[in-house]
Amino acid sequence: MLTLYIVLMICSFLYCIPGTSDPYVKFKLEGKQFYKSKVVYKNLNPRWNESFSHPLRDREHDVEVRVYDKNRTADEFMGCGAISLKNLHLYKTYEMELRLDDPKSKEDDMGVIVVDVCLMFRDWGCLKQPRWGNYGPRNQKWSGVLGITLVEGQDLPQDGHGDIYVRFRLCDQKYKSKVGLWREQFDFNQFEDNQEPLQVEVYSKRGRKGEESWGMFEVDLSTLSFNERHLYTHVLNPGKGRLVFLATLRQCWGVSISDMEIAPLEKPDEKDTIVERFSLKNSHKCGGEVGFLQVKVIKANDLPPTDLNGKSNSFCVIELGNSKLQTHTVYKSVNPEWNKAFTFPIKDIHDVIEFTVFDENGEKNPTFLGKVAIPLLRVQKGQQMCLFLKKEDLGSASKGTITLVLEVIYNQVRAGIRTFQPKETKLMEENLKFSKKVLARNICRVRKISTAVLYTLQYIKSCFQWESTQRSLIAFLIFLVTVWHWELFMLPLFLLLLTGWNYFQLSVGKANSNQDLETGKKGLMDKIHMVQEVVLVVQNVLEEIANIGERVKNIFNWSVPFLSFMACLVLFVSTALLYYIPLRYIVLIWGVNKFTKKLRNPYTIDNNEILDFLKRVPSDVQKPWLTSL
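Here the structure is a predicted model, which means the values were calculated and not measured.

The rules behind these values
Residues numbered from 1 in each chain as written. Predicted model: local features only at pLDDT ≥ 70, side-chain atom pairs only at ≥ 80, totals over all residues. Heavy atoms only, no water. Salt bridge = Lys/Arg side-chain N within 4 Å of Asp/Glu carboxyl O. Buried < 20%, exposed > 50% of the residue type's maximum accessible area, 1.4 Å probe, protein only. Helix = DSSP H or I, 4+ residues; strand = E, 2+ residues; numbered from the N terminus. Axes fitted to C-alpha atoms, helices over the stretch in contact; angles between N-to-C directions. Parallel < 35°, antiparallel > 145°, perpendicular 65-115°, else oblique. Contact = heavy atoms within 4.5 Å. Nonpolar A, V, L, I, M, F, W, Y, C, P; charged D, E, K, R; others polar. pLDDT = per-residue confidence, 0-100. Phe/Tyr/Trp six-rings, centres within 6.5 Å; stacked < 30°, edge-to-face > 60°. Lys NZ or Arg CZ within 6 Å of the ring centre and 35° of its normal.

1. Quick notes on the pattern of salt bridges
Oppositely charged side chains can form a pair if their charged atoms are brought close together.
Part 1: For the structure shown, the criterion picks out 16 salt bridges.
Part 2: Of the charged contacts in the structure, one is a salt bridge between Lys-281 and Glu-276, with a shortest N-O distance of 3.1 Å.
Part 3: Looking at Glu-276, the relative accessible area reads 36%, which means it is partly exposed.
Part 4: The partner of Lys-399 in a salt bridge is Asp-302, and the shortest N-O contact between them spans 2.6 Å.

2. Regarding the side chain of Asn-282
Part 1: As for its position among the elements, Asn-282 is in the loop between helix H1 (268-277) and strand E18 (291-301).
Part 2: Using a relative accessible area of 8% as the deciding quantity, one classes Asn-282 as buried.

3. Topic: the packing of helix H3 (residues 436-465) against helix H4 (residues 469-484)
Part 1: Orientation of H3 relative to H4, taken along the N-to-C sense of each, is 95°, at an axis distance of 8 Å. By the angle class used here, H3 and H4 are roughly perpendicular. Counting all contacts with H3, which are made through Tyr-459, Ser-462 and Cys-463, the residues of H4 involved are Arg-471, Ser-472 and Ala-475.
Part 2: Looking at the contact of H3 with H4 residue by residue, the classes come out as three nonpolar, two polar and one charged.

4. Here's the deal with the confidence of the model for the chain
Part 1: Confidence along the chain averages 82 in pLDDT terms, with 87% of residues attaining 70 or more.
Part 2: Note that pLDDT drops below 50 for residues 1-5; the model gives that stretch 33 contacts with residues more than four away or on any other chain.
Part 3: Confidence drops under pLDDT 50 across residues 515-519; counting only partners more than four residues distant or on other chains, this segment forms two contacts.

5. Overview of the packing of aromatic side chains
Part 1: Using the criterion set out here, one finds 24 aromatic pairs in the structure.
Part 2: Arranged with centres 6.1 Å apart and planes meeting at 25°, the rings of Phe-217 and Phe-245 form a pair that is stacked. Placement of Phe-217 in strand E14 (residues 210-219) and of Phe-245 in strand E16 (residues 242-251) is noted, with a sequence separation of 28 residues between them. Take Phe-217 and Phe-245: they sit in the same class, and that class is buried.
Part 3: Between the aromatic rings of Phe-479 and Phe-595, the centroid separation amounts to 5.8 Å while the plane-to-plane angle is 45°, which identifies the pairing as tilted. Here Phe-479, found in helix H4, pairs with Phe-595, found in helix H8 (residues 583-600); they are 116 residues apart in sequence, far enough to count as distant.
Part 4: Ring pairs connect the aromatic residues Phe-168, Tyr-175, Phe-186, Phe-188, Phe-217, Tyr-232 and Phe-245, which therefore count as one cluster.
Part 5: Lying over the aromatic face of Tyr-68, Lys-26 brings its terminal NZ or CZ to 4.9 Å of the ring centre.
Part 6: Its guanidinium or amino end placed over the ring of Tyr-203, Arg-167 lies 5.1 Å from that ring's centre, counting from NZ or CZ.

Below, the structure is given as structure tokens:
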């Protein structure tokens, strides 16, 4: 259900206020404050130029505007006005001059506030409404794809205005751009029965919660022609610059919902047409799709009951990338049978199709029952599969199973080319929150990678240390031959051989499975120690990275002249050596020295000259007390 949305563009002036004041403005609705402006110090005619928005349930209540003077002890009330919303027309901007009034004051003229008010429809309720259920478009099938390319912002304020980003919205599809330089591309599905415009709004974010709207506008999609690129340059609020983006509406093919008996791949003629469309001989033909997916959602068994009578009102949502379709709801059953077939165009063969089962709760949020995710490349063509449902994070098993039949037809050449193109951006507006569990898991993942790297380095170091004479001798001979005959093509050849060797290990079953994630519940003290250990590891790693970066910087800015002079001397000698001596010979000399150092002196201590030099350079943390001596 659409709710009202109000934008108040503040461009205010106060007149006839005796003395010097530090005014700011509060906006209230039904006695509750929903916006507070910044303070303009020592100004009788302040100009705020702020804009914001607020959702409304109805137009029965007036917006109260109250002006205060900022004081150290208690702020002084300077007058109030009201904005009546009853007679405002939608999508029309009104410039209002609100005369301030204070019943307790003897002053006849308390000043004037000038505001711009615009009232419009916007679906704020979609953030709180159920994600799924019978709340989406009546027609789930989309007939077109709207491609948006966010180009740039022109003449945007740069200093002291926070992080700038753009929000796009079409129906219940939302996209939030990254901060700063954009050059982003994403797609919205255009439904047949959609009459809503594309909404675009530019924001500036300061800190964690401060957010200011720099302007909102809408694009009427009914005027767009298929396969034609349209350039939009929209002027934002005064002094906020312009926004430039491209919009292209393309026709979509391959979306359908039907009974299983009449699914497209069940009809021989239609199946032959689809196979022909994605055959290798048609690889040269332009098309946004790389393949075709047909999904048969047959049934679910043993779902957890959610009603008092031990039943569920379940439906299944199928997601592929940013495309979503759903089954009908089967009421009062823990063993629902849907027997529906869904088809999707495949944009990326590396996508994962997700099946999520919900319980419908009327006007309330649907209850999550279980989820299954299947990579398209692992689909067993045309075979019926019964999969156990998992929890929302796909980590552990939930109650129940789901029975599916999947079939994928795709063009290998198009899929290969698409692999080297940007991955489709997921349309979502979920704010990531800090999670100790996720942080610990990521630390474990990094630790596994670092352990593998350290193991490799220790293996190489053992060759230099001659711990195994046979292994070190073989490594020394390989090093000499490789460096002497080195050509650039050998690098991809080495990576190819390494990949082939790992494939051979997998084929004979010798590869190690890395699915050794920690399971089981931990006690309170274990969790506390885990958090402390994770925070300590992150702290130390960040310190090391910062130290190396700052020390390299301090070499070039002559923080310690002696060390900078030594660096210049080494760079000069390196330049001369590389100019007169081929790199192949220098690497050979270095390698022979490394391999024979242990043989020449069995008690030598190996070291890294570059890191030893960097440790002598002070970091920015060490510089203050070094320079104070």
